[in-house]
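# Fold and geometry: a report
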2 protein chains.
Amino acid sequence: MDNLTEKFVKRENIYKGKVLDVVKDTVLLPNGKESAREFCIHVGAVCVLPLLDDGTVIMERQYRYAHGRVFFEIPAGKLNSPDEDRLEAAKRELKEETGAVAGKYTFLGGYDSTPAICNEKIDIYLAEDIKFEDRKLDEDEFLDVERVPLETLFQMVMNGEIRDGKTQVAILKTYELKKFTQK
Amino acid sequence: MDNLTEKFVKRENIYKGKVLDVVKDTVLLPNGKESAREFCIHVGAVCVLPLLDDGTVIMERQYRYAHGRVFFEIPAGKLNSPDEDRLEAAKRELKEETGAVAGKYTFLGGYDSTPAICNEKIDIYLAEDIKFEDRKLDEDEFLDVERVPLETLFQMVMNGEIRDGKTQVAILKTYELKKFTQK
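Residues numbered from 1 in each chain as written. Chains lettered and ligands numbered in written order. Predicted model: local features only at pLDDT ≥ 70, side-chain atom pairs only at ≥ 80, totals over all residues.

The next thing to look at is the sheet that holds strand E2 (residues 21-28) of chain A. Hydrogen bonding along the main chain pairs the strands of a sheet, whether they run parallel or antiparallel. Residue and element names in this part refer to chain A. Reading across the sheet, the three strands line up as E1-E2-E3 and stay open at both edges, with antiparallel pairing between neighbours. A single partner strand is all that each edge strand has here, and the edge strands are strand E1 (7-16) and strand E3 (34-41). Along the sheet, successive strands turn relative to each other by an average axial angle of 20 degrees, direction set aside. (Pairing = 2+ DSSP bridges. Helix = DSSP H or I, 4+ residues; strand = E, 2+ residues; numbered from the N terminus. Axes fitted to C-alpha atoms, helices over the stretch in contact; angles between N-to-C directions.)

Spelled out as structure tokens, the structure:
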């Protein structure tokens with residue numbers, strides 16, 4: 001892939017924030033010319049599709065300020081550190097946001113959200129054999145939860161009613177895996 | 001949804017870049033407390049899954065510097081301006097990157113890549129009835145194209161071999177739409 005690879009020359013640190021850093025790197029293009037690559041550095045995240053025995057999924061409504069509207073999405077959260085165990089992070093976020101504790105986790109694959117401008121990597125899990133304990137939201141975290149049939153969610157994704165990327169992938173993959181086994 | 005909405009108080013402009021701007025807004029949370037929301041402002045983008053009559057898809061290999069690796073993804077590109085017609089942008093990007101011109105476009109839905117940190121919206125199109133003309137890459141744009149059966153791509157998504165989010169959604173939706181009609 002040497003005909004495609006871009007090589008690091010130098011970095012300008014633009015911003016060091018709470019949830020993202022921004023850098024502007026000078027790179028060498030495959031043709032030997034210099035160019036700039038500005039992008040966000042993100043710690044990484046996890047998301048969980050919690051599928052109950054009755055075929056419903058625990059979904060969340062959460063205000064996403066960057067879009068100025070309430071999103072309909074699966075439970076998710078960022079890692080506490082880049083080397084945090086991702087399955088442990090998934091268990092933590094699911095418990096905090098919904099109160100659910102799952103007996104079985106299946107890794108559904110990774111999700112790179114927007115590779116042209118951000119290095120964010122999200123691991124997607126399917127959670128099953130779910131029991132409920134107490135929900136424990138972070139202070140200043142606001143979200144509503146509700147249960148929706150997987151079949152309904154699949155139709156909402158196909159109709160374009162669910163726009164969140166990670167949620168679309170998680171629903172489409174889970175539906176594909178489960179469509180012949182769910183009642 | 002008033003129990004979830006966050007209200008704008010003031011903005012700090014952090015960075016004005018070529019492909020993204022970064023801002024840090026002070027907001028009022030639903031509980032009346034102030035908090036900060038830092039995020040990227042992006043012009044928006046389009047992506048196209050070009051499906052040929054023989055059931056293959058035109059895929060691209062492109063180096064994504066933020067991840068430091070070559071990505072396997074469908075043709076895509078950002079809008080020239082926020083109010084650019086998205087279908088026209090899709091036609092332009094497909095032609096420039098692959099030389100393909102499609103007789104039929106189907107809108108597959110929107111994709112919000114990472115709503116917690118960026119307002120990027122991507123429109124996803126399926127392109128069919130494809131003819132080839134000359135490819136015309138932007139200067140300093142490097143990518144390889146190849147044709148891969150939709151069935152193979154679907155398996156690669158399910159196996160976690162394709163991580164790009166918009167590409168996963170486009171492949172899963174197209175496969176769902178076409179699986180009973182493709183040979």
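From this point on, the discussion continues.
The next point concerns the environment of Asp2 of chain A. Its location among the elements puts Asp2 of chain A in the segment before E1. Taking the number of C-beta atoms within 10 Å as the measure of exposure, Asp2 of chain A has 5 and is therefore exposed. (Buried ≥ 20, exposed ≤ 12 C-beta atoms within 10 Å, placed from the backbone.)

Looking now at the relation of the copies chain A and chain B. In screw terms, the move from chain A to chain B is a rotation of 180 degrees and a rise of 0.0 Å along the axis, fitting with an RMSD of 0.0 Å. Within this description, the copies of the chain are treated as partners about a two-fold rotation axis. Across chain A, the rotation axis passes nearest the C-alpha of Ser113 of chain A, at a separation of 2.6 Å. With an isologous cut-off of 70% or more, the 100% of interface residues of chain A that recur at the interface of chain B puts this contact in the isologous class. (Least-squares fit on C-alpha atoms with pLDDT ≥ 70 in both. Contact = placed C-beta atoms within 7 Å.)

Right, let's talk about the domain arrangement of chain A for a bit. All names here are of chain A. Looking at chain A, the domain boundaries give domain 1 (7-41) and domain 2 (45-178). Here domain 1 and domain 2 have C-alpha centroids that lie 30 Å from each other. In this complex, domain 1 contributes four residues to the contact, which on the side of domain 2 involves four residues. In terms of residue class, the side of domain 1 that touches domain 2 is made up of four nonpolar, no polar and no charged. (Domains from an automatic or database assignment. Nonpolar A, V, L, I, M, F, W, Y, C, P; charged D, E, K, R; others polar.)

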